Amino acid sequence: MAALFAALAVLVVPIHSLIELKTFDFSTMKFDWVTNPRDHLVPVDPEYNNFNVLLDGHAHTTVSDGRLTPEQLVEYSIAQGFNAVIVTDHNTVAGGLRAESYAKRKYPGRFVVVPGMEYSNCRIHMNFIDLNTTVSVGNKAFPSDDNIKQAIAKVHELGGLVIVNHIPWSNHSQDRIQAPRLVNHPSIQSLVDWGVDGFEIANQGTFDLPTYQYMLAQRTEIRRNTVDPPAPLIFMTGSDVHTPGSAYAWTVLRAANLTKEAIVKEIRHARTSFLFDPTGNRANGRPNYSARYLALAPLSELAQYFESFVDRYEGQYSFHGTHCRQGIVDVHGQSVGYFVMYFIAAAALFELLYKLP
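Calculation criteria
- Every chain's residues receive numbers from 1 upward, in the order its sequence appears when written.
- Two thresholds apply to this predicted model, a pLDDT of at least 70 for residue-level local features and 80 or more for giving and counting side-chain atom pairs, whereas whole-chain, interface and lining totals are computed over all residues.
- Hydrogens and waters are ignored; side-chain quantities use all the structure's heavy atoms.
- For the purposes of this analysis, a disulfide is any pair of cysteine sulfur atoms at a distance within 2.5 Å.
- Per the convention used, a helix needs a DSSP run of H or I reaching at least four residues, while a strand needs a run of E reaching at least two, with both numbered from the N terminus.
- The rule is simple: take the accessible area with a 1.4 Å probe, protein chains only, and divide by the maximum for that residue type; under 20% is buried, over 50% is exposed, in between is partly exposed.
- The term salt bridge refers to a pairing of a side-chain nitrogen on Lys or Arg with a carboxyl oxygen on Asp or Glu at a separation within 4 Å.
- By convention a nonpolar core is built from buried Ala, Val, Leu, Ile, Met, Phe, Trp, Tyr and Cys residues, the set being connected through side-chain atoms within 4.5 Å.
- Contact definition: two residues touch when any of their heavy atoms are within 4.5 Å.
- Interaxial angles span 0 to 180 degrees and are taken between N-to-C directions of axes, which are lines fitted to C-alpha atoms, for helices over the stretch in contact.
- Between 65 and 115 degrees an angle is taken as roughly perpendicular, under 35 as roughly parallel, over 145 as roughly antiparallel, and anywhere else as oblique.
- Left-handed describes a crossing whose near helix is turned anticlockwise from the far helix through less than a right angle; right-handed describes the clockwise counterpart.
- For this classification, the nonpolar set comprises Ala, Val, Leu, Ile, Met, Phe, Trp, Tyr, Cys and Pro, the charged set comprises Asp, Glu, Lys and Arg, and every other residue, Gly included, is treated as polar.
- Take the residue count of a helix, subtract one, and multiply by 1.5 Å to get its expected span.
- By definition, the arc is the one covered by directions from the helix axis to the C-beta atoms.
- Between the rings of Phe, Tyr and Trp (Trp by its six-membered ring), a pair exists once the centres lie within 6.5 Å; its type follows the angle of the planes, with under 30 degrees stacked, over 60 edge-to-face, and the other angles tilted.
- Counted as a polar contact is a pair of N or O atoms within 3.5 Å, where, for protein atoms, one must be capable of donating a hydrogen and the other of accepting one, and residues adjacent in sequence contribute only when both atoms are in side chains.
- For two strands to count as paired, DSSP must find a minimum of two bridges between them.

## Regarding the state of the cysteines
Here comes step 1: Under the defined criterion, the tally for this structure stands at one disulfide.
Here comes step 2: Cys122 shares a disulfide with Cys324; S-S distance 2.1 Å. Measuring the twist about the S-S bond at about -90 degrees, one finds the Cys122-Cys324 disulfide to be left-handed. Taken as a pair, Cys122 in the loop between β4 (112-120) and β5 (125-129) and Cys324 in the loop between β13 (310-313) and β14 (328-331) lie far apart in primary sequence, 202 residues in all. Just as Cys122 is buried, Cys324 falls in that class too.

## Brief notes about the pattern of salt bridges
Here comes step 1: Summed over all chains, the structure comprises ten salt bridges.
Here comes step 2: With a closest N to O distance of 2.7 Å, Asp145 and Arg123 form a salt bridge. Of this pair, Asp145 sits in helix α4 (residues 145-157) while Arg123 sits in the loop between β4 and β5, and the two are 22 residues apart along the sequence.
Here comes step 3: Three or more residues joined by partner-sharing salt bridges are found here, namely Glu100, Lys104 and Lys260.

## Here's the deal with the nonpolar core
Here comes step 1: Counting residues in each nonpolar core, the largest one holds 31 residues, and the members touching the most others are Tyr119, Met126, Phe128, Val164, Val196 and Phe199.
Here comes step 2: If you list the elements that add at least two residues to this core, you get β4, β5, α4, β6 (161-164), α6 (188-194), β7 (198-203) and α7 (209-217).
Here comes step 3: Apart from the residues within four sequence positions on either side, Val196 is in contact with Met126, Ile152, Val162, Val164, Leu191, Arg224 and Leu233.
Here comes step 4: Counting 28 residues, the second largest nonpolar core, distinct from the first, contains Leu41, Tyr48, Leu68 and Leu73.

## A word on the packing of helix α2 (residues 70-79) against helix α3 (residues 94-106)
Here comes step 1: Two elements in contact, α2 and α3, have axes whose closest approach is 8 Å; the angle formed by their N-to-C orientations is 60 degrees. When the interaxial angle is binned, α2 and α3 end up oblique. Once α2 is placed against α3, the crossing between them reads as right-handed. For the pair α2 and α3, contact is made by Pro70, Glu71, Val74 and Glu75 and by Gly95, Arg98, Ala99, Tyr102, Ala103 and Lys106, respectively.
Here comes step 2: Its residues placed into classes, the contact of α2 with α3 shows five nonpolar, one polar and four charged.

## Quick word on α4
Here comes step 1: In a regular helix each residue adds 1.5 Å, so 13 residues correspond to 18 Å; α4 covers 18 Å between its end C-alpha atoms and thus fits that length.
Here comes step 2: Of the positions making up α4, those classed as buried are Asn147, Ile148, Ala151, Ile152 and Val155. Considered in projection along α4, the buried side chains sweep an arc of 135 degrees and stay on one side of the axis.
Here comes step 3: On the buried face of α4, the contacting elements are β4, β5, β6 and α6.
Here comes step 4: Looking one or two residues past α4, Gly159 carries a phi angle of roughly 90 degrees, positive in sign.

## Thoughts on the packing of aromatic side chains
In this description, an aromatic ring pair is defined by two values, namely the gap between the centres and the angle between the planes.
Here comes step 1: Per the counting criterion, the structure on display carries 14 aromatic pairs.
Here comes step 2: A ring pair is formed by Phe207 and Phe276, whose centres lie 5.7 Å apart and whose planes are at 45 degrees; its orientation type is tilted. Within this pair, whereas Phe207 is found in strand β8 (residues 206-207), its partner Phe276 is found in strand β11 (residues 273-276), the two being separated by 69 residues in sequence.
Here comes step 3: Centroid distance Tyr212 to Phe274: 6.1 Å. Interplanar angle 85 degrees. Geometry classified as edge-to-face. Here Tyr212, found in helix α7, pairs with Phe274, found in strand β11; they are 62 residues apart in sequence, far enough to count as distant.
Here comes step 4: Tyr212 gets classed as buried once you look at its relative accessible area, which sits at 15%.
Here comes step 5: Given the relative accessible area of 4%, Phe274 is considered buried.

## Overview of α3
It helps to recall that an α-helix has 3.6 residues per turn; residues three or four apart then point in one direction.
Here comes step 1: For α3, which comprises 13 residues, the first-to-last C-alpha distance of 19 Å matches the rise-based estimate of 18 Å (1.5 Å per residue) to within 8%.
Here comes step 2: When we look at burial in α3, the residues that qualify are Gly95, Gly96, Ala99, Glu100, Tyr102 and Ala103. The arc that holds the buried residues of α3, viewed along the axis, is 165 degrees, so those residues lie on one side. Set apart from the buried face of α3 by more than 90 degrees, the exposed residues are Lys104 and Arg105.

## What to know about the side chain of Thr251
Here comes step 1: Positionally, Thr251 belongs in strand β10 (residues 249-253).
Here comes step 2: At a separation of 2.7 Å, a polar atom in the side chain of Thr251 contacts the side chain of Thr237.
Here comes step 3: With residues near it in sequence (within four places) discarded, Thr251 still touches Val53, Leu54, Leu55, Phe235, Met236, Thr237, Thr272, Ser273 and Phe274.

## Here we look at the pairing of strand β2 (residues 53-59)
Here comes step 1: In terms of residue burial, β2 counts as a mostly covered element, since seven of its seven residues are buried.
Here comes step 2: Across three bridges, β2 lies against β10 in antiparallel orientation. Following the sheet pairing, Val53 is matched in β10 by Leu253.
Here comes step 3: Sheet topology places β2 next to strand β3 (residues 84-90); three bridges connect them, and they run parallel.

And the structure:
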């Protein structure tokens, strides 16, 4: 029996660590509902009550680490009440270009995709908006201040916009490591000095009140010279969707028409507001369980039992093949000792019962 347990541990733990076992299969998921946020929400700025664009400013696909294909993301966005989305896969514009091609083909004049990418590393995440080419300049696991400035300058050279993402998420202290998720995140003032165009002040269900207050206070002071006439910082919101779920925020615009050019023009000139619902909408889609998960779940659960004797904390993934902080490994010697004790007690009880007449 002891040999059997040891063999199981040796076999299933390495397999479990190598196989990414996803519970649900999103490949056949249908998005056959429609959310209308106008029914119960109004823009934060009442001046934008007559908006005609509901934009998701931050979304991911299977091209990076999302669970929806670019085509599915378009369908999902429509179901969530958006008529435009900025696709921002980590460190690549490929997902955005593919989603844009699909939307033009299937929903001409009805739904707009703006290609972009999320500049992602261990210091900062920023959305680069309205790009047709991936910007890799200044992007490595731990970029310096100069690296970040180089990336911002390159985006502006290509005619794009730079939006700083989810500062509360970036600076949140991770459990056990007790350090910010991203290392040495630049301050808001530094980022403004370096030339960013705006900030994401709502990410999923988190509203970034300190950044919002800063931007309001500086609305008449800070002017971006990358646009003519100079404009203030841009307010943006984003679902940051990886796995389909509730929608919390919709960036709203009053564009001249439903085209990428008209939408980007409004964003560029900081003519945006947003709807925000901290409870999220009631998304109606429901994926099926993955057949692979159902087949491997018994082994996976067994592997997790053995893995419970050790805790590993690796920190945030860098999106450059590494993690952002040195890992911590805690071996629970007491748990191992108790397991051995329980095993011996169970074996002794089994022998006792076996010898009873």
